[in-house]
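Observations on chain architecture
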Amino acid sequence: VQAQQPELQGGGLAPAPPQITRVESAPSVGTTEGAPQPFGYESEVVCFGYIGSDNEPFIAQVVGAENSAEQTDFTEHNLLYLDAGADRGMMVGDEFWIVTPQDEVLHPMSGKSMGRFYQYRGRAVLVCLEGRTATVRVNVACTDIPMGSFLKPYEPVPIPLGRREPACKPCDPPSGKTAGRIVYTRDGVIALGNDNDVLIDLGLAQGIQPGDQLSIFRYATGSDYGIRPQ
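The present account deals with the structure reproduced in this document. (Residues numbered from 1 in each chain as written. Predicted model: local features only at pLDDT ≥ 70, side-chain atom pairs only at ≥ 80, totals over all residues. Heavy atoms only, no water.)

What to know about the state of the cysteines
Scanning the entire structure with this criterion turns up 1 disulfide. Each sulfur in the disulfide pair C47 and C142 lies 2.0 Å from the other. Linking C47 and C142, the disulfide has an S-S dihedral of approximately -75° and is accordingly described as left-handed. Of the two residues, C47 is situated in the loop between α1 (42-46) and β2 (49-52) and C142 in the loop between β8 (134-141) and β9 (145-146); the sequence distance between them amounts to 95 residues. For C142, a relative accessible area of 26% corresponds to the partly exposed category. (Disulfide = S-S within 2.5 Å. Helix = DSSP H or I, 4+ residues; strand = E, 2+ residues; numbered from the N terminus. Buried < 20%, exposed > 50% of the residue type's maximum accessible area, 1.4 Å probe, protein only.)

So, the pattern of salt bridges
In total, this model carries 5 salt bridges according to the counting rule given. Where D54 meets R116, a salt bridge forms, and the shortest distance between an N and an O atom there is 3.4 Å. Residue D54 is located in the loop between β2 and β3 (60-65), and its partner R116 is located in strand β7 (residues 113-129); the two are separated by 62 residues in the primary sequence. The exposure class assigned to D54 is partly exposed, which follows from its relative accessible area of 43%. For R116, a relative accessible area of 23% gives the class partly exposed. (Salt bridge = Lys/Arg side-chain N within 4 Å of Asp/Glu carboxyl O.)

Structural notes on the side chain of R123
Tracing the sequence through the fold places R123 in strand β7. Looking at R123, its side chain comes within polar contact range of the side chain of E95, at 2.9 Å. Each residue touching R123, except ones within four places of it in the same chain, is listed here: E42, V46, E95, F96, W97, I98, R137, V138, N139, V140 and Y154. (Polar contact = N/O pair within 3.5 Å; in protein donor to acceptor, adjacent residues only side chain to side chain. Contact = heavy atoms within 4.5 Å.)

Side note on the packing of aromatic side chains
Taken as a whole, this structure holds 8 aromatic pairs when the rule is applied. On the basis of an interplanar angle of 25° and a centroid distance of 4.9 Å, the ring pair of F58 and F150 is categorised as stacked. Placement of the pair is F58 in the loop between β2 and β3 and F150 in strand β10 (residues 150-153), with a sequence separation of 92 residues. Ring-pair connections join several aromatic residues into one group, and the members of that group are Y50, F58, W97, Y118, Y120, F150 and Y154. (Phe/Tyr/Trp six-rings, centres within 6.5 Å; stacked < 30°, edge-to-face > 60°.)

Focus on a nonpolar patch on the surface
On the surface, a cluster of nonpolar side chains totalling about 290 Å² of accessible area is made up of I182, L192 and I216. Following the sequence through the fold, L192 ends up in the loop between β12 (182-185) and β13 (198-200). Given the relative accessible area of 40%, L192 is considered partly exposed. (Patch = residues over 30% accessible without salt bridge, like charges linked within 9 Å, V, L, I, M, F, W, Y side chains within 5 Å. Areas by Shrake-Rupley, 256 points an atom, 1.4 Å probe, with all protein chains shown as cover.)

Side note on the side chain of N78
Mapped onto the elements of the fold, N78 is located in the loop between β4 (73-74) and β5 (79-82). In terms of polar contacts, N78 uses its side chain to reach the side chain of Q71, at 3.2 Å. When near neighbours in sequence (up to four residues on either side) are disregarded, N78 contacts N67, Q71, V136, R137 and V138.

Dropping the structure here:
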C-alpha cells in the first residue's frame, strides 16, 4: 500500500516523513561445538614425566633447603639450595624443571630397556646466585620434592589443539598406519580408562606429532602377560 502525500495550500506537496528502516538482527548460527579443543591439561604436561637415558645430564642438584631441619620433602614457596651457580651459566630469574629419576622402563614385548623414567616434581625459579651455588624458590609443586632432586632448564610445552575424531567402531578396517605399544603408565596403573596418562613407543621418528589421535586396540589371538583375549 502506497501512502499519498498530503497537499499544501497553494498546490504544493508536503515533504514526506523520514522513513525508518528497522534492522532485524540475524540469529547467530555459529557454535563452539566444532571449534578446536585442547587435547589435555596443564597437569598432564608439567606433572608427568618422560623417558630418557640412564645418564641423563642435569644442570644442578638440590643439596640443601631453608627448612631442612624440619622437612625432608618440600613444596611450593620453599627455598632450595643447589650445587651449581654462575659457573653453569645460570642467571637470576631462570626457571627450571625439578626432576627425579625413577624406574627403568622395559619394553613389554621385547623386554629391552627403553631408558629410565624421569618424573616432573614441579618447577622453580632462581632467586639468589653465587659463583658455585644458587637458591631457587619452588613456584609449582606437583607432588613432594625430595632432597637430591635434579634441575634442568624449563622449556614450555604447549598443549595441542584439535577437533576430536569419532572413535573406531566394530568392523572398521585397519588404518594401515604405524602401530605401537603402551610402555608406561602414570603411577603404575594397569587398568586404564578415560583421562589416564601413558607413554608409548612411538615418536617423531615414526611420524607422530602432538595432537595426533590414536586408537587403542588389541589383537584377537595370542597372549600378553599370561592374559588371553576374551
